[in-house]
Every structure is written in C-alpha cells, then in structure tokens.
Amino acid sequence: MAEGSIQGACLCGTVRFEIDPPFQKMIHCHCSRCRKSSGTGHATNLTADATQLRWLSGEDAIGRYELPGAKAFGKWFCRHCGAPLPRVRRNSTLVVIPAGSLDAPPPMAPTDHIFWASRAPWACGSGGLPTHAEYPDSW
Ligand SMILES: [Zn+2]
Ligand SMILES: [Zn+2]
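Computed from a predicted model, the values in this text were never measured in an experiment.

Quick notes on the packing of aromatic side chains
Enumeration according to the criterion identifies 2 aromatic pairs in this entry. With a centroid separation of 6.0 Å and 70° between ring planes, the pair formed by Phe17 and Trp55 is classed as edge-to-face. Taken as a pair, Phe17 in strand S2 (residues 16-19) and Trp55 in strand S5 (residues 53-57) lie far apart in primary sequence, 38 residues in all. Of the residues examined, Phe17 reaches a relative accessible area of 0% and is grouped as buried. Between Phe115 and Tyr135, the ring centres sit 5.0 Å apart and the planes meet at 80°, which makes this aromatic pair edge-to-face. Residue Phe115 is located in the segment after strand S11 (112-114), and its partner Tyr135 is located in the segment after S11; the two are separated by 20 residues in the primary sequence. You can call Phe115 buried: its relative accessible area is 16%. Using a relative accessible area of 48% as the deciding quantity, one classes Tyr135 as partly exposed. Sitting over the ring of Trp76, Arg64 keeps its end group 4.4 Å from the ring centre. When the ring centre of Phe73 is taken as origin, the NZ or CZ atom of Arg87, which lies over that ring, is 5.5 Å away.

Structure representation (structure tokens):
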C-alpha cells in the first residue's frame, strides 16, 4: 500500500483497489442516470486521473456497462455482488470513484450538487452546498 493511498472494495470483497489522492472533485450528482445506476437519491463521486488507481484483486470480476447513446455514462460493478466500482470514462483518462466504495474517508468533502434541476422530489436538501442545474459552465 502506497503512503497516503486509500483502499476500496465491493460489497463482497472480490474486487479491491487502491487510489492515490489528490482527487479533483467530489460531487453529488442528481441526474436520472445516477439515480437509476445507484438506486439512491444521488450519486456521490470523486474524480482522479486513471493513473492514480490500482486494482488489487478481482479485476476479472468487473462488469462494465457503457450506456448506449451516452457520451460517457456507464457503470462498472462487481459481477458477484453488483456493487459499484471505480470506472475509467471512455475516451478519457479520468476515473470516477463512487465515494461509498472507499474503505476510508477521502481527504476532501463534497463541493457541489450537479443536475440539481433533475433531482427527485424526495431528495435530501443541499446542505448549503452550491447547486447547479446541470454541469457548471466552467466544467
Ligand atoms: Zn463483489
Ligand atoms: Zn449523474
């Protein structure tokens, strides 16, 4: 384990990984795709460069679903337990890490809510964080 790195795993423990901070962003996303993909009110994802991620075990158990017609949306998951896993975006060097897949807290807090205009009527409040109807213009 590299110094400062954070380990993560799926629910059943078959797939294990390690990621080196720093992270670029930690975002709550309320889009309908994240809602379907996670089964919850919003996804909370960190982003980093894919070179910061190392698979420690179970890489052959990763299912990879890329949503047809979407620019980059997909879901990587453990084929044994279905838990979401870090996903390298297609045509990109960015890895999107589901915050809940980490075994320890990342060294940053969520910064924004995105796709706020798409949130479910039963979503939690913003907690005082900035909200953006879709992606912020600056991204
Ligand atoms: Zn699993
Ligand atoms: Zn989303």
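Alright, that's what it looks like, and here's the rest.
Quick look at the coordination of the zinc ion (ligand 2)
Looking at the zinc ion (ligand 2), the protein donor atoms are Cys29 (SG), Cys31 (SG) and Cys34 (SG), and they sit 2.1 to 2.3 Å from it. Written as a sequence motif, the donor arrangement for the zinc ion (ligand 2) is C-x1-C-x2-C. Given a relative accessible area of 11%, Cys31 falls into the buried group.

Calculation criteria
- Residues numbered from 1 in each chain as written.
- Chains lettered and ligands numbered in written order.
- Predicted model: local features only at pLDDT ≥ 70, side-chain atom pairs only at ≥ 80, totals over all residues.
- Heavy atoms only, no water.
- Phe/Tyr/Trp six-rings, centres within 6.5 Å; stacked < 30°, edge-to-face > 60°.
- Helix = DSSP H or I, 4+ residues; strand = E, 2+ residues; numbered from the N terminus.
- Buried < 20%, exposed > 50% of the residue type's maximum accessible area, 1.4 Å probe, protein only.
- Lys NZ or Arg CZ within 6 Å of the ring centre and 35° of its normal.
- Donors = N, O, S within 2.8 Å, 3.2 Å for Na, K, Ca; no water.

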